[in-house]
Amino acid sequence: MFTKMLTKHIHLMLAVLLISDLARSLPDDQYQPISISSAQFQYDIKQGLTIYSGDVVIVQGSLRIVAEQIKVSTDANGQLIVAIASKGRQGLAYFEQRPEINKSLIKGWGETIEYRAKTKKLRLIKRARLMRENESDIRGKRIDYDIKSSVVNAVHDQTRQQNDRVQIILQPQKKPQ
């Protein structure tokens, strides 16, 4: 019974995390299997906390998340509260997803990547970077993305030098042939 309950809870939790509207994604992404690999897995039933650690890779369709550790908190009903990915290659957690079939990948990096389910907000923290291949590249200390309103807000590190500012690169449109 415990194993069945644990399996059901984990599947529900991951489905909420990965199938939610975290980002507009390929239509088929939500119907793809979820693949998770990590060196360790820990689940605290009472606290509703799941921790994957050790070179964690989560893949579902075009969505890919890579981090050293991913913590997922759920409420008593198994609904996602917050998911936090931290560290990874070169100290940065990473995600990527293709929003639409003919659109380029959206990629994000941060020492911490935090998703809050109720408010539908994604936050990239420290050495934050959000880019869409061949379109735009935003860098700052912190980048907030409000998924509901499609608003991005980036801030620089105010404790550092004055030159440490938010950097935005917008690619020009291609010339018609």
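Here, the structure is the one placed above.
Our subject in this report is the structure included herewith. (Residues numbered from 1 in each chain as written. Predicted model: local features only at pLDDT ≥ 70, side-chain atom pairs only at ≥ 80, totals over all residues. Heavy atoms only, no water.)

Turning our eyes to something else, we now look at the environment of Lys-71. Relative to the helices and strands, Lys-71 resides in strand β4 (residues 63-74). Lys-71 gets classed as partly exposed once you look at its relative accessible area, which sits at 35%. Sequence-distant contacts of Lys-71, that is, excluding residues within four places in its chain, are made with Leu-49, Thr-50, Ile-51, Val-82, Ala-83 and Ile-84. (Helix = DSSP H or I, 4+ residues; strand = E, 2+ residues; numbered from the N terminus. Buried < 20%, exposed > 50% of the residue type's maximum accessible area, 1.4 Å probe, protein only. Contact = heavy atoms within 4.5 Å.)

A separate point is the pairing of strand β2 (residues 40-44). Of the pairings in the sheet, the one linking β2 to strand β3 (residues 49-60) comprises five bridges and is antiparallel in character. Residue pairing for β3: Gln-42 is matched across the bridge by Ile-51. Where β2 folds back on β3, the antiparallel hairpin that results is connected by four residues, among which Gly-48 adopts a positive phi of roughly 65 degrees. (Pairing = 2+ DSSP bridges.)

The tally for this structure, following the rule as stated, stands at two aromatic pairs. Each ring, one from Phe-41 and one from Tyr-52, has its centre 5.4 Å from the other, and the planes form 45 degrees; the classification is tilted. Here Phe-41 is found in strand β2, whereas its partner Tyr-52 is found in strand β3, with eleven residues between them in sequence. The exposure class assigned to Tyr-52 is buried, which follows from its relative accessible area of 4%. Seen from their ring centres, Tyr-94 and Trp-109 are 5.2 Å apart, and the 45 degrees between their planes marks the pair as tilted. Remark: Trp-109 occurs in strand β7 (residues 106-110) and Tyr-94 occurs in strand β6 (residues 93-97); sequence separation between them is 15 residues. Here Tyr-94 falls in the buried class, since its relative accessible area comes to 14%. What makes Trp-109 buried here is its relative accessible area of 18%. (Phe/Tyr/Trp six-rings, centres within 6.5 Å; stacked < 30°, edge-to-face > 60°.)

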